[in-house]
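Structural features, examined
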Amino acid sequence: MASAQLRCFSLIEPLACSANRQIIPRSSPSAGVRGKRLKRFSLKISAKSGDLAAKESGTVTIDRGIGVVSIHHVGLLCENLEKSLEFYQDLLGLEINEDRPHEKLPYRGAWLWVGSEMIHLMELPNPDPLTGRPEHGGRDRHACIAIKDVNKLKEIFDGAGIQYTLSRSGRPAIFARDPDGNALEFTQVD
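One structure accompanies this document, and this report is about it.

Each value, and the rule that gives it
Residues numbered from 1 in each chain as written. Predicted model: local features only at pLDDT ≥ 70, side-chain atom pairs only at ≥ 80, totals over all residues. Heavy atoms only, no water. Pairing = 2+ DSSP bridges. Helix = DSSP H or I, 4+ residues; strand = E, 2+ residues; numbered from the N terminus. Axes fitted to C-alpha atoms, helices over the stretch in contact; angles between N-to-C directions. Contact = heavy atoms within 4.5 Å. Phe/Tyr/Trp six-rings, centres within 6.5 Å; stacked < 30°, edge-to-face > 60°. Lys NZ or Arg CZ within 6 Å of the ring centre and 35° of its normal.

1. A few points about the sheet that holds strand 10 (residues 164-166)
Strand order across the open sheet formed by 4 strands is 9-12-11-10, with mixed pairing between neighbours. Each edge of the open sheet is held by one strand with a lone partner, namely strand 9 (142-147) and strand 10. Direction aside, the axes of adjacent strands within the sheet are offset by 25 degrees on average. By the bridge criterion, 3 bridges tie strand 10 to strand 11 (residues 173-177) in an arrangement that is antiparallel. The residue of strand 11 that forms the bridge with T165 is F175. Running at roughly 30 degrees to strand 11, helix 2 (residues 150-160) makes contact with strand 9, strand 10, strand 11 and strand 12 (183-188) of the sheet.

Laid out in structure tokens, this is it:
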């Protein structure tokens, strides 16, 4: 049996574990910490021994009451909408969200579903340089798309002649660029 990993936050120290293995926070956002910087810890409970190990992995700011829920969409610029749709629809299999206001905007575009979020392709001039970008998209600004099978996507990219690089961390993820040089990460999730 594999060990379980949990993410948690605390003002002072990692969360404690009671005798019946329930996680008990030492402080919580409802205890008046709104807007404070908290330490972020990754907890790992060993399946064999039941030991709890904590590792600090950065800080996080508690919600200030605005109710952040998720990323709604990512806007990407493209030079030719049809060429971009060949990549996103035909190659990746994304579907257009017909409920979004294509004809109401002063430029051509398309909204593509990525799970419950979207990519908004906008056919507009790109103010960013297209040359001199890092070869590895993980060292450039990028959007990350969670997928179920990185190897299958590699086969698709290989068949289409799309260049990509593997994740430098060794995890199952690859980086590629769309026809307009927008960097995309594809990370495998269970």
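2. A word on the packing of aromatic side chains
Each aromatic ring pair is described using two quantities: the centre-to-centre distance and the angle formed by the ring planes. Tallied over the full model, the rule gives 4 aromatic pairs. In this structure an aromatic cluster arises from ring pairing among F87, Y88, F157, Y164 and F186. Lying over the aromatic face of W111, R100 brings its terminal NZ or CZ to 4.1 Å of the ring centre.

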